[in-house]
Structures are given as C-alpha cells and as structure tokens.
Amino acid sequence: MANSAIVQLSVSVPLSDSFGRRSVFKTHSITFRDKSWRSVLPMDLKAKHSPSRDRSIICMSVQQAQKPKVTVSPLALEDAEEPPLNLHKPKEPYTATIVSVDRLVGPKAPGETCHIVINHGGNVPYWEGQSYGVIPPGENPKKPGLPQNVRLYSIASSRYGDSYDGKTASLCVRRAVYYDPETGKEDSSKNGVCSNFLCDSKPGDRVKIAGPSGKIMLLPEDDPNATHIMIATGTGVAPYRGYLRRMFMESVPNYKFTGLAWLFLGVANTDSLLYDDEFSKYLEDYPDNFRFDRALSREQKNKNGGKMYVQDKIEEYSDEIFKLLDGGAHIYFCGLKGMMPCIQDTLKRVAEQRGESWDAKLSQLKKNKQWHVEVY
C-alpha cells in the first residue's frame, strides 16, 4: 500500500475451534492511510514497525481475510430457508446500541463516510444484501408529534457481523451536508438528519432500527461456482462487503465459494476508497476468485480523456462482461440512482456495437433473475 508504514504481523492461529470463541476476541484500534475504525478481531496481533515512522498501520484484512477462515456463530443463522423480513416495523422499532463509529475516508476525500457498528443482540437477524431502516430521534417536521420517517441503509456486513457472533450489523454512511450555493457555507438546518445522527453517534448511544427489508440484492448461493459482477458508487459498496466477507473471510458450513466475484467501485479519489485494504487482501489471497477495479473520477482518465467513472470501467471490460452475462453471471448495481442512466446508456451502446438488442438482453437478464438493482 503506497505511503504506508511497513508492518510485520505475527499471527497466531489456534488449531482448535477456540478460534471463534468470545474469550479470544480483542479490540484493536486500526488505521488505514489515515482512515481509522475500531474492530473486533478474532486473533492476537503483534505489530512491529520502524521507529522512524510516526504511525503504525495494522491492516484489518491482513488477519481477517487470511486463511484459515474465521469461525462464525451461531450456525443456526444458516438454517432458515427464507430471508428474515420486517421483523420490526417502523411503528415498533427495535432499540439497538451503537458499538463504534469511525471515519472510513482519508483527509482528501470530498465529504465524510463512516463505518458504524450496531449491536442488535441477535434480535434483528438479516441476510447479506438486505437493509435496515433507521429512525433518527426527534419529531417529523412535516408531521408534528410523530416520529421521524425511517431511512433505509444497506447493511455492510455479513449476517454474522463484524464480531462474527450474529449480534451486530454494520452500516456505511456518508454524512449529508448542505452548502448554500450562493455563500458556499454549510447550512446545518438542511443537513441530512439521519446521516448526521449516525455519524455523530457515540458508543453506547441508542438507535431505533426497523427491518430487515429487501430481497432483490440477496446473494444467490445455489451455485457456489457462479460469477457475481458487483458495481457500486460510493457507499453503494455496502452490500458487496457483506457478500465478500461471506465468500472469502468466513468459514460457513455448506457454502464454499469457488466462482468469480468481480467488484467495480467508483469514487472521487484514492482517499475516498472504502474498505480498500480489505478488498485488496482478498485480491492477494484469492486471485482466481476475485477481481477489483477502481474508477477514480478525479485521478483517472477514460479513453476519451475525460473523468473516469464506473461506467467507463464497465465499457473497458464490456466484451468480457457480456460474455459472462451470457454464461449466467449475476450483475448487481448499488449506489446513487443517478448512476443508472449513464450505465444503461453504456451497456446499450456496447450491445449495439455487438449487434445485439439491449432491450431484449435486459429483459432476458431480468427474466433469468441475473439483474439486481438497488439505488437511492
């Protein structure tokens, strides 16, 4: 990793099933390229670094994604044949507890994005690809006397959570800040209510959650050799982090992923990359099963000399993507809804260049349940 302190890790991996017991979990403070968050790690780490460096960098994924995989529990979470849906309604939400809130992005990222771990005590189970509804405190400004409306957030962890015990869920939240177009100054009265509540939360704070909800982004597991093409802008990477942890990090009974997971992530610059160290480690450990392409709009150029957006990366690999889709690959899109028109235009143009009808192809992809979209 560029411009990072060099760290040598001595990892002790127990040979027994005590690998996943609570007694061996320790809390470590972790920093990636000036990006910090607190995580529960299932093994002891001893870091040695040069005293000439003024900071040490311990890559969470170095130990979390390393083989052997992490033991998870309770395995009863694998038993359900259908995903949990709307266990807690917005009118009767579950009161969970904030475990940690940590900044994910570097100082040169436009805006702030946080990784937020919530303890639901195992009372709001979910599957990868689902969402939680969060109800911020306070009254609904449009309906005095009533609570705030629910806001949906894609869950950024596997069903076992970051502590692998089925009791937490993680959210990837960008703080919504409004700047007056005339003065250029922040107008806090127009800032996003829920995103600022979450990003300002402290460990121990209470948060009301509803759900889980959603089926369109569920990870199909009937074929462990399948190909999954995942396309995201910004915090839209959240569900894919859950997929990838399940595929590459966790020891899950009856699910051994042997296919291809291909992630395309579009952000502004290097400091805006989310979970980059974690994904990079999968790339190192599973080069035959994982591909990762970044589109950095403020640092890279597309083939026409313009800014590199995620649709440009898709076009760059369009022949391969279309062949994979013809072979039954699943393709997922998650992020701001403004991403889809440009992506659709790119796919349509590529299809026409190949002598195909994009409308017919899209219809077939939807019919085959290969097409998964969740935008906001």
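Reading guide: rules and limits
- Residues numbered from 1 in each chain as written.
- Predicted model: local features only at pLDDT ≥ 70, side-chain atom pairs only at ≥ 80, totals over all residues.
- Heavy atoms only, no water.
- Pairing = 2+ DSSP bridges.
- Helix = DSSP H or I, 4+ residues; strand = E, 2+ residues; numbered from the N terminus.
- Axes fitted to C-alpha atoms, helices over the stretch in contact; angles between N-to-C directions.
- Left-handed = near helix turned anticlockwise from the far one by under 90°.
- Contact = heavy atoms within 4.5 Å.
- Nonpolar A, V, L, I, M, F, W, Y, C, P; charged D, E, K, R; others polar.
- Salt bridge = Lys/Arg side-chain N within 4 Å of Asp/Glu carboxyl O.
- Buried < 20%, exposed > 50% of the residue type's maximum accessible area, 1.4 Å probe, protein only.
- Phe/Tyr/Trp six-rings, centres within 6.5 Å; stacked < 30°, edge-to-face > 60°.

Trainee: Where do I start with the sheet that holds strand β8 (residues 131-135) in this structure?
Mentor: Two orientations exist for strands paired in a sheet by backbone hydrogen bonds: parallel and antiparallel. As summarised here, the arrangement of the six strands in space is β11-β8-β13-β6-β7-β12, forming an open sheet in which the pairing is antiparallel. The open sheet terminates on both sides in strands that have one partner only, identified here as β11 (151-154) and β12 (168-174). Taking the axes of each pair of neighbouring strands and ignoring which way they run, one obtains an average angle of 40° across the sheet. Relative to strand β13 (residues 206-213), β8 runs antiparallel, the two sharing four bridges. Its bridge partner lying in β13, G133 is registered against A210.

Trainee: What am I meant to see in the packing of helix α3 (residues 238-249) against helix α4 (residues 276-285) here?
Mentor: To describe two helices that pack against each other, one gives the angle between their axes and the distance between the axes. Packing of α3 against α4 brings their axes to within 11 Å, and their N-to-C directions diverge by 35°. When you trace α3 past α4, the crossing you get is left-handed. Touching R241, L244, R245, F248 and M249 of α3 are E278, F279 and Y282, all from α4. Here the residues of the contact of α3 with α4 are counted per class, giving five nonpolar, no polar and three charged.

Trainee: Help me understand the pattern of salt bridges, please; the structure alone is not making it clear to me.
Mentor: Pairing is possible between side chains that carry opposite charge, provided their charged atoms lie close to one another. This model, assessed by the stated rule, comprises 23 salt bridges. The residue R159 makes a salt bridge to E78 at a minimum N-O spacing of 3.9 Å. Taken together, the positions of R159 in the loop between β11 and β12 and E78 in the loop between β5 (70-71) and β6 (94-103) put the pair 81 residues apart, joining distant regions of the chain. In this structure, the salt-bridge partner of R246 is E221, at a minimum N-O distance of 2.4 Å. With R246 in helix α3 and E221 in the loop between β13 and β14 (227-233), this residue pair connects regions lying 25 residues apart in the sequence. For E221, a relative accessible area of 26% corresponds to the partly exposed category. Through salt bridges with shared partners, a single ionic network connects E78, E128, R159, E221 and R246.

Trainee: Even after reading the chapter, I still don't get the packing of aromatic side chains, so can you show me in this structure?
Mentor: How two aromatic rings sit relative to each other is given by the distance of their centres and the angle of their planes. Applying the stated criterion to the full structure yields 19 aromatic pairs. Residues F279 and F292 carry aromatic rings whose centres are separated by 5.5 Å and whose planes lie at 85° to one another, so their mutual orientation is edge-to-face. Remark: F292 occurs in strand β17 (residues 290-296) and F279 occurs in helix α4; sequence separation between them is 13 residues. Residue classification places F279 among the buried residues on the basis of a relative accessible area of 0%. Exposure remark for F292: the relative accessible area of 8% places this residue in the buried category. Relative to W358, the ring of F322 has its centre 6.2 Å away and its plane inclined at 50°; by these criteria the two rings are tilted. Residue F322 is found in helix α6 (residues 318-326), and its partner W358 is found in helix α8 (residues 358-367); the two are separated by 36 residues along the sequence. Both residues of the pair, F322 and W358, count as buried.

Trainee: Help me understand the environment of L365 in this model?
Mentor: Examined against the element boundaries, L365 turns out to sit in helix α8. Residue classification places L365 among the buried residues on the basis of a relative accessible area of 3%. In this structure, L365 is in contact with L325, W358, Q370 and W371, ignoring residues within four places of it in sequence.

Trainee: Whenever I open this one, unusual backbone geometry confuses me. Can you help?
Mentor: Note on backbone geometry: most residues besides glycine have negative phi, and most peptide bonds are trans. A cis amide bond, omega -5°, links S73 with the succeeding residue P74. Residue P212 is bonded to the preceding G211 through a cis peptide linkage, with omega at 0°. Within the fold, P212 resides in strand β13. Even without being glycine, Y275 reaches a positive phi, approximately 60°. Relative to the helices and strands, Y275 resides in the loop between β16 (260-267) and α4. Y275 gets classed as buried once you look at its relative accessible area, which sits at 1%. Look at K369: it is not a glycine, yet its phi comes out positive at around 60°. Its relative accessible area of 64% is what places K369 among the exposed residues.

Trainee: Sorry, what's going on with the pairing of β16 here?
Mentor: Looking along a regular strand, one sees side chains alternate from face to face of the sheet. When you tally the buried positions in β16, you get eight out of eight residues, the bulk of the element. On β16, burial covers both faces: L260, W262, F264 and G266 on one face and A261, L263, L265 and V267 on the other are all buried. Bridge count between β16 and β17: seven bridges; the pairing is parallel. For L263, the partnering residue across the bridge sits in β17 and is F292.

Trainee: Is there a simple way to think about the sheet that holds strand β18 (residues 330-335) in this case?
Mentor: Read from one edge of the open sheet, five strands run β17-β16-β14-β18-β19, paired in parallel fashion. This sheet does not close on itself; its edge strands, each paired only once, are β17 and β19 (371-375). When the angles between neighbouring strand axes are averaged without regard to direction, this sheet yields 10°. Where β18 lies against β19, five bridges are found, and the strand directions are parallel. Within β19, the residue paired with G335 across the bridge is V375.

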